Amino acid sequence: MTVRRATVGDGLTVWRVTGYHDVVAALRHPDLGMDPHRFDRDLDPFGARRVPEDAIAVTGRQLLNSDPPDHDRLRRLAQPHFTRPRIAARRATVTRIAAEQLAVVLASDHADLVTDYALPIPIRTICHILGLDDRIGAAVTELTEVLLTTTSQRDPRFLAAGREFDRLLRAAASSAADDPGTGVAGVLGRAWHDGRLSRRELVSYLSLLLLAGYETTASAIATGILLLLDDPSLADRPQGLVDETLRLHPPIPYGFWRYAVRDTELAGVGLVRGDIVLASIAEANRDPGAFPDPDRLDPDRRGPGHLSFGSGLHHCLGAELGRAEVLIALTTVAPHLPRLRLAASADTLPRRSSMLFQRLLHLPVTVAPAAPTPDAPSPRRDPCA
């Protein structure tokens, strides 16, 4: 059985789903919603208890805590900017950003491939798409790091970072609303002007796009580089490497909370209205029933797709962008692998590992000097001259 009772956080009881096909069923289940506001106080799934990873459920309404029709209304606003053709048109921008960040790495004798490469590429890219200044992205990165690594939500650092994060996003939202530009932030700002989006939804939407736009992609880029450093031959099959990196090391190990909106059933297990369902993406991606020899990295693997971008109604809005960024980042750095050497043992590298996100925090490398360029041969003298 792959649907079982489990306790998470400080004693919250959930239904934990682990098998590939049952996870797909949970992610697509019509009776499992993502909007906790649909419950009255007597059926509040969380009650008085909170766990750090439920923060996304209590922010203003956005894609990950809403159901139709609100979800459809919100998704329609940004969806046209994340289609396959629109992302294909942005590949040159991502390639330029990757080349610029690689130049930073190669300019020194040591570097951190997370802070110098894996993080800046997606944060600069999403800021470009949103139409926001890169400095906002850099500030969001620093503040998010505090929010995700502070162990207590009562810690003064957590509270201060939360207030500054809120101030920063409100300022960005106000700017987008008062002077809509050409980016996605401007699209959302015009939607607020037109009454299609509330001010709080505008702030929450920008917050989601910024955070989801860099944290998950940075995780996949960093992990992919670590795999390349261990086995440079993987660079010969870059798309397979991207897919297997995402399957084996999903940046978001669990699907976000689902709630039974009515008494229902999942994989033969009865659920009561208000029950919480937690789908394990990480375990589904390694289900031997779906992926033979599931722990082996196989860039030529065929079969069902991984679930790291979710499935169904809430399939990741930025999936096409994420795939493109990871592929470009890995193929840009791959030719320079002979110059890069891991400066720490792989099993000692610091990692973020929570129910919400998992990512390498640092990837230190030493950088060897570039091989000298051979002197150009002297022009051959014409013996007949």
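Above this text is the structure in question.
Owing to the predicted nature of the structure, the values given are computational and were not obtained by experimental measurement.

Trainee: Any chance you could explain the sheet that holds strand 12 (residues 364-367) here in plain terms?
Mentor: For sheets, the rule is that strands pair by backbone hydrogen bonds, running either parallel or antiparallel. Taken in spatial order, the three strands of this open sheet run 4-12-9, and their pairing is antiparallel. Both edges of this open sheet fall to strand 4 (110-112) and strand 9 (340-342), since each of them pairs with a single strand only. Averaged over all adjacent pairs, the angle separating strand axes in this sheet is 35°, with direction ignored. With three bridges connecting them, strand 4 and strand 12 associate as antiparallel partners. Counterpart to Ala 111 in the pairing with strand 12 is Val 365.

Trainee: In this structure, what is going on with the pairing of strand 1 (residues 3-8)? I would like to understand it.
Mentor: Regular strands place side chains that alternate from one sheet face to the opposite one. Relative to strand 2 (residues 12-17), strand 1 is paired through six bridges, and the arrangement is antiparallel. Within the sheet, the bridge partner assigned to Ala 6 lies in strand 2 and is Val 14. Between the end of strand 1 and the start of strand 2, which pair antiparallel, lie three residues, with Gly 9 showing a positive phi angle near 60°.

Trainee: Is there a simple way to explain the state of the cysteines in this structure?
Mentor: Taken as a whole and assessed by the stated rule, the structure comprises zero disulfides. Here Cys 127 stays free of any disulfide, with the sulfur of Cys 316 as its closest cysteine sulfur at 17 Å. Of the residues examined, Cys 127 reaches a relative accessible area of 1% and is grouped as buried. Of the residues examined, Cys 316 reaches a relative accessible area of 31% and is grouped as partly exposed.

Trainee: What exactly am I supposed to notice about the sheet that holds strand 2 here?
Mentor: Across the sheet, five strands lie side by side as 1-2-8-5-3; this open sheet has mixed pairing. Single-partner strands in this sheet number two, and they are strand 1 and strand 3 (32-33). Where helix 1 (residues 20-28) meets the sheet, it contacts strand 1, strand 2, strand 3, strand 5 (258-260) and strand 8 (276-279), and its direction lies at approximately 130° from that of strand 8.

Reading the values: the criteria
Residues numbered from 1 in each chain as written. Predicted model: local features only at pLDDT ≥ 70, side-chain atom pairs only at ≥ 80, totals over all residues. Heavy atoms only, no water. Pairing = 2+ DSSP bridges. Helix = DSSP H or I, 4+ residues; strand = E, 2+ residues; numbered from the N terminus. Axes fitted to C-alpha atoms, helices over the stretch in contact; angles between N-to-C directions. Disulfide = S-S within 2.5 Å. Buried < 20%, exposed > 50% of the residue type's maximum accessible area, 1.4 Å probe, protein only. Contact = heavy atoms within 4.5 Å.

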